Amino acid sequence: MMKRLIWIASYLLVFSFLVGCSVGTTNDTYTKVKESGVLLVGTEGTYKPFSYHDEKTNKLTGFDVEVAREVGKRLGLKVEFKEIPWDGMLTSLSSRKIDMVANQVGIKPERQKKFDFSSPYTISYAQIVVKNDNKTVTSLKDVKGKKAGQTTTSNYGKMAQDAGATIVPYEDMMSAMRDVAAGRIDLSMNDRLAIAEMMKKTKLPLKTVGEQVEKSSSALAFPKESKKLVDEVNKALEDMKKDGTLAKISIKYFGIDASK
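Please read all numbers here as calculations on a predicted model, not as lab measurements.

**Q** I would appreciate a short explanation of the packing of aromatic side chains in the present structure.
**A** Here the distance between the centres and the angle between the planes together describe a pair of aromatic rings. Applying the stated rule across the entire model yields four aromatic pairs. With a centroid separation of 6.1 Å and an interplanar angle of 20°, the aromatic rings of Phe 63 and Tyr 121 are classed as stacked. Taken together, the residues Phe 63 in helix α3 (residues 63-74) and Tyr 121 in the loop between β6 (115-117) and β7 (122-131) connect sequence positions 58 residues apart. For the pair Phe 63 and Tyr 121, one class covers both residues: buried. Positioned above the aromatic ring of Tyr 52, the side-chain terminus of Lys 48 is 5.4 Å from the ring centre. In this structure, Lys 228 packs its charged tip against the face of Tyr 30, placed 5.3 Å from the ring centre.

Here it is as structure tokens:
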């Protein structure tokens, strides 16, 4: 009888431990940040206008930085940023050296197998830019036979090439855009948010044409099994959308609401 009681007690102890581990794993990140009061956020710090250092103050700032700070504020947490090169950022997240990544992480099926994601907070597309007096390129079908200035390894260059454009190689977006404005090439394709920021800050005689294509969504990323923290972050993001805070931050950096 005594052996039976000992066996039952041992079984219950192991069962309780396993249940505790299961619950702890599911809520591990949330429990950790609530107990410490600190949310460790990974970001590049070199990815303007999303995450960069202000030239005058050297303070870390940017669209993603401000979004992360506001989310932390609404969760009652102090946000501490860890600047990590992109190549090592998701690895740091996997090893739980950080609690969250705020760095325009695209939601992709292969990433969803390894990480948890918040609701999207930026929606972007590829877009065509031409000189403001150009009347021959009005959509993607019009780029066939035209000169498109693109960085050679970008997805946008491939899109322009697949549409029949002749690719003129450039090292960066701005060099291509200046030549579009000067009439040396016909067009350039790029991310609508990068274009919006460029057009907001420069006076180049350019315009966007055609429909936005190749929709992409970016979200805040978390270690796997961070459901409770993701739920709380999603509530904060939803409140930021409803009260206009997310749109306000977006318009500050892009001149448009990048959340929709």
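**Q** Can you walk me through the packing of α3 against helix α9 (residues 227-242) in this structure?
**A** Each pair of packed helices can be described by the angle between their axes along with the distance between the axes. The interhelical angle for the contact between α3 and α9, taken along N-to-C directions, is 110°, at an axis separation of 9 Å. By the criterion of interaxial angle, the relationship of α3 to α9 is roughly perpendicular. Where α3 crosses over α9, the two elements pack in a sense that is right-handed. Residues Val 67, Glu 70, Val 71 and Arg 74 of α3 lie in contact with α9, whose contacting residues are Val 233, Ala 236, Leu 237, Asp 239 and Met 240. Class assignment of the residues belonging to the contact of α3 with α9 gives a composition of six nonpolar, no polar and three charged.

**Q** How should helix α4 (residues 86-94) be read in this particular structure?
**A** Helical periodicity: at 3.6 residues per turn, an α-helix aligns residues three or four positions apart in one direction. Burial in α4 covers these residues: Met 89, Leu 90, Ser 92 and Leu 93. Mapping the buried residues of α4 onto a view down its axis gives an arc of 155°, with all of them on the same face. Within α4, the exposed residues directed more than 90 degrees away from the buried face are Asp 87 and Thr 91. Looking at the buried residues of α4, the elements they touch are β1 (38-43), β5 (100-106), α5 (109-112), β6 and β11 (206-223).

**Q** Quick question: what am I supposed to make of unusual backbone geometry here?
**A** As a rule of thumb, non-glycine residues mostly have phi less than zero, and peptide bonds are mostly trans rather than cis. Cis peptide bonds are those with omega within 30 degrees of zero, and the linkage from Lys 48 to Pro 49 qualifies with 5°. Note on placement: Pro 49 falls in the loop between β1 and β2 (52-53). Its identity as a non-glycine residue notwithstanding, Asn 58 has a phi of 65°, on the positive side. You can see Asn 58 is positioned in the loop between β2 and β3 (60-61). According to the relative accessible area criterion, Asn 58 is exposed, its value standing at 54%. The backbone of Arg 96 sits at a positive phi, close to 60°, despite the residue not being glycine. Position of Arg 96 among the secondary structure elements: in the loop between α4 and β5. Judged by its relative accessible area of 30%, Arg 96 is partly exposed.

**Q** Can you walk me through the layout of surface pockets in this structure?
**A** A water-sized probe, rolled over the atoms, reveals where empty space remains. Reported here for the largest pocket is a volume of approximately 1100 Å³. Along its surface, the largest pocket is lined by 35 residues, and Tyr 47, Phe 50, Tyr 156, Asn 190 and Asp 191 are the ones closest to its centre. Only β5, β7, α6 (155-162), α7 (173-181), β10 (188-191), α8 (192-201) and β11 provide two or more residues apiece to the lining of the largest pocket. Looking at the lining of the largest pocket, its residues break down into 16 nonpolar, 10 polar and nine charged.

**Q** Help me understand the nonpolar core in this model?
**A** If you look at the biggest cluster of nonpolar residues, it comprises 31 residues, and the most contacted ones within it are Phe 63, Val 67, Val 71 and Leu 220. Every element with two or more residues in this core is listed here: α2 (28-36), β1, α3, β5, α8, β11, α9 and α10 (245-254). Here this core takes six residues from α9, the largest share from any one element. Other than its neighbours up to four places away in sequence, Val 71 contacts Leu 220, Val 233, Ala 236, Leu 237 and Met 240.

Rules used in this analysis
Residues numbered from 1 in each chain as written. Predicted model: local features only at pLDDT ≥ 70, side-chain atom pairs only at ≥ 80, totals over all residues. Heavy atoms only, no water. Phe/Tyr/Trp six-rings, centres within 6.5 Å; stacked < 30°, edge-to-face > 60°. Helix = DSSP H or I, 4+ residues; strand = E, 2+ residues; numbered from the N terminus. Buried < 20%, exposed > 50% of the residue type's maximum accessible area, 1.4 Å probe, protein only. Lys NZ or Arg CZ within 6 Å of the ring centre and 35° of its normal. Axes fitted to C-alpha atoms, helices over the stretch in contact; angles between N-to-C directions. Parallel < 35°, antiparallel > 145°, perpendicular 65-115°, else oblique. Left-handed = near helix turned anticlockwise from the far one by under 90°. Contact = heavy atoms within 4.5 Å. Nonpolar A, V, L, I, M, F, W, Y, C, P; charged D, E, K, R; others polar. Arc of directions from axis to C-beta. 1 Å grid on protein atoms, 1.4 Å probe; cavity = no way out; pocket = protein on both sides within 12 Å on 5 of 7 lines; lining within 4 Å. Points joined across faces, edges and corners; volume = space filled by probe spheres on them. Core = buried A, V, L, I, M, F, W, Y, C linked by side-chain atoms within 4.5 Å.

So, to be careful, I would describe these as geometric facts and stop short of saying anything about function.
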